[in-house]
Amino acid sequence: MQIQSFLSIAEQFKVVFLDSYGVLKNYNGLIHGVRHTIDFLRSRDIIIRVLTNDASRSQLQQAESFHRLGLHDIQEHEIITSGMMAKQFLEQKITNGKIAYLGTENSAHYILQSGLEHIPLRDIDLRNLDDISALVFLDDEGFDWNTDITKTVNLLRHKNLPVIVANSDKFYPVSKNEVAVGTGGIAKLIENMLDRKFIHFGKPDSQMFIYAYDELNSTGNYNRSEILMVGDTLQADILGGNKFGVKTTLVLSGNTSREDAPLQIRSSGIIPDYICESILT
Ligand SMILES: [Mg+2]
């Protein structure tokens, strides 16, 4: 496994798509030194977009969080979240009724602000589901895992609804060796139980890549060959980038360790174009 210098790879591209968690930040906050890399990319006029599977916060809230951590020049429009994609989908496809959700009020507020009514799953009356038109998995917080997951299963047994998963990540790291179960993991559990397939947003699906690419090309002229996708997770970032047809860099600063990388690459068949320790050097 050949480990290369991120900076010397990145400078060959016009655009760099960066995953957030495991690349720019981790459970400790901002990864020490990423500011220099962002400065380096800016100094070479390389365009940056952050593509994150986080659906719990809006673009503005994400940008503010980077500012608080010390990345002061990250702009709102440079951040693309899976929540934005889910929001767009809901606005186009669900035109009446109430949208039931699992997640925090904050996530519901920004994703479901399309004018449609939304209702936390716990407030639904299973005996009267006439006006419920969709179910959305927004966040792993904001509900009771015991009662509300059981209730979700019953809801979907009683009524056939479109189900949208705003963040497909099955889990996310909370310390060096521990993960927490994420929205995508809960959704997967229910999909398996009910033998159903939900509509998933976030990497590795292409929606965020398409959005970022279209937005770049609305003002400029960029080819896929001029874009580099950088991430710490083979199944999300690298698979997503490979499917979209851009070059990919796996960094070893998050989900995938140096020890595990060769085996994970071999067993998954997901092959990054480059492997770097982190984005720092
Ligand atoms: Mg990540």
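Residues numbered from 1 in each chain as written. Predicted model: local features only at pLDDT ≥ 70, side-chain atom pairs only at ≥ 80, totals over all residues. Heavy atoms only, no water.

Looking at an unreviewed UniProt entry, the protein chain carries the name HAD-superfamily class IIA hydrolase, TIGR01459, with the source organism given as Parafilimonas terrae.

Novice: Describe the overall build of the protein chain, listing the residues and the values that go with them.
Specialist: A tally of helices and strands in the protein chain yields 10 helices and 15 strands. A compact globule built from 281 residues should have a C-alpha radius of gyration of about 19 Å, and the protein chain, at 19 Å, falls within 12% of that. Principal axes of the C-alpha set define a box for the protein chain whose edges measure 60 × 40 × 35 Å. In the protein chain, of all internal contacts separated by at least 6 residues, the share reaching a separation of at least 24 is 71%. Total accessible area computed for the protein chain in this model is approximately 13200 Å², and 46% of it derives from carbon and sulfur atoms. Computing the positive centroid from 27 side-chain charges and the negative centroid from 35, the protein chain places the two 3 Å apart. (Helix = DSSP H or I, 4+ residues; strand = E, 2+ residues; numbered from the N terminus. Rg over C-alpha atoms; globule rule 2.2 N^0.38 Å. Contact = heavy atoms within 4.5 Å. Areas by Shrake-Rupley, 256 points an atom, 1.4 Å probe, with all protein chains shown as cover. Lys, Arg positive; Asp, Glu negative; His and termini not counted. Charge placed at Lys NZ, Arg CZ, Asp CG, Glu CD.)

Novice: If you had to explain the environment of Ile 119 to someone new, which residues and values would you point to?
Specialist: Examined against the element boundaries, Ile 119 turns out to sit in strand β7 (residues 117-120). Note: C-alpha distance between Ile 119 and Val 50 (69 residues apart in sequence) is 30 Å. Setting aside anything within four residues of it in sequence, one finds Ile 119 in contact with Lys 98, Ile 99, Ala 100, Tyr 101, Ile 124 and Ile 132.

Novice: Requested: an account of the environment of Asn 106, with residues and values cited.
Specialist: Note that Asn 106 resides in helix α5 (residues 105-111). Classification of Asn 106 as partly exposed rests on a relative accessible area of 32%. Measuring from C-alpha to C-alpha, the distance between Asn 106 and His 36 comes to 32 Å, with 70 residues separating the pair along the chain. With near-sequence residues (within four places) excluded, Asn 106 lies in contact with Ser 56, Arg 57 and Gln 61. (Buried < 20%, exposed > 50% of the residue type's maximum accessible area, 1.4 Å probe, protein only.)

Novice: How would you summarise the nonpolar core if you had to cite specific residues and measurements?
Specialist: If you look at the biggest cluster of nonpolar residues, it comprises 34 residues, and the most contacted ones within it are Phe 17 and Leu 112. Counting only elements with at least two residues in this core, the list comes to β1 (15-18), α4 (82-93), β6 (98-102), α5, β8 (132-137), α8 (207-219) and β13 (227-231). Looking at which domains feed residues into this core, each of domain 1 (6-53 + 204-276) and domain 2 (84-200) gives three or more. Not counting residues within four places of it along the chain, the set of residues in contact with Phe 17 comprises Arg 49, Leu 51, Phe 209, Ala 212, Tyr 213, Leu 216, Ile 227, Leu 228, Met 229 and Val 230. Membership of the second largest hydrophobic core comes to 28 residues, among which are Phe 13, Phe 40, Phe 66 and Leu 71. (Core = buried A, V, L, I, M, F, W, Y, C linked by side-chain atoms within 4.5 Å. Domains from an automatic or database assignment.)

Novice: Residues and numbers for the coordination of the magnesium ion, please.
Specialist: In the first shell of the magnesium ion, the protein supplies Asp 19 (OD), Tyr 21 (O) and Asp 232 (OD), at 2.1 to 2.2 Å from the metal. Sequence spacing of the donor residues for the magnesium ion, all on one chain, is D-x1-Y-x210-D. On the criterion of sequence distance, the pair formed by Tyr 21 in the loop between β1 and β2 (25-26) and Asp 232 in the loop between β13 and α9 (234-244) is long-range, its members being 211 residues apart. When its relative accessible area of 33% is taken as the criterion, Tyr 21 is described as partly exposed. (Donors = N, O, S within 2.8 Å, 3.2 Å for Na, K, Ca; no water.)

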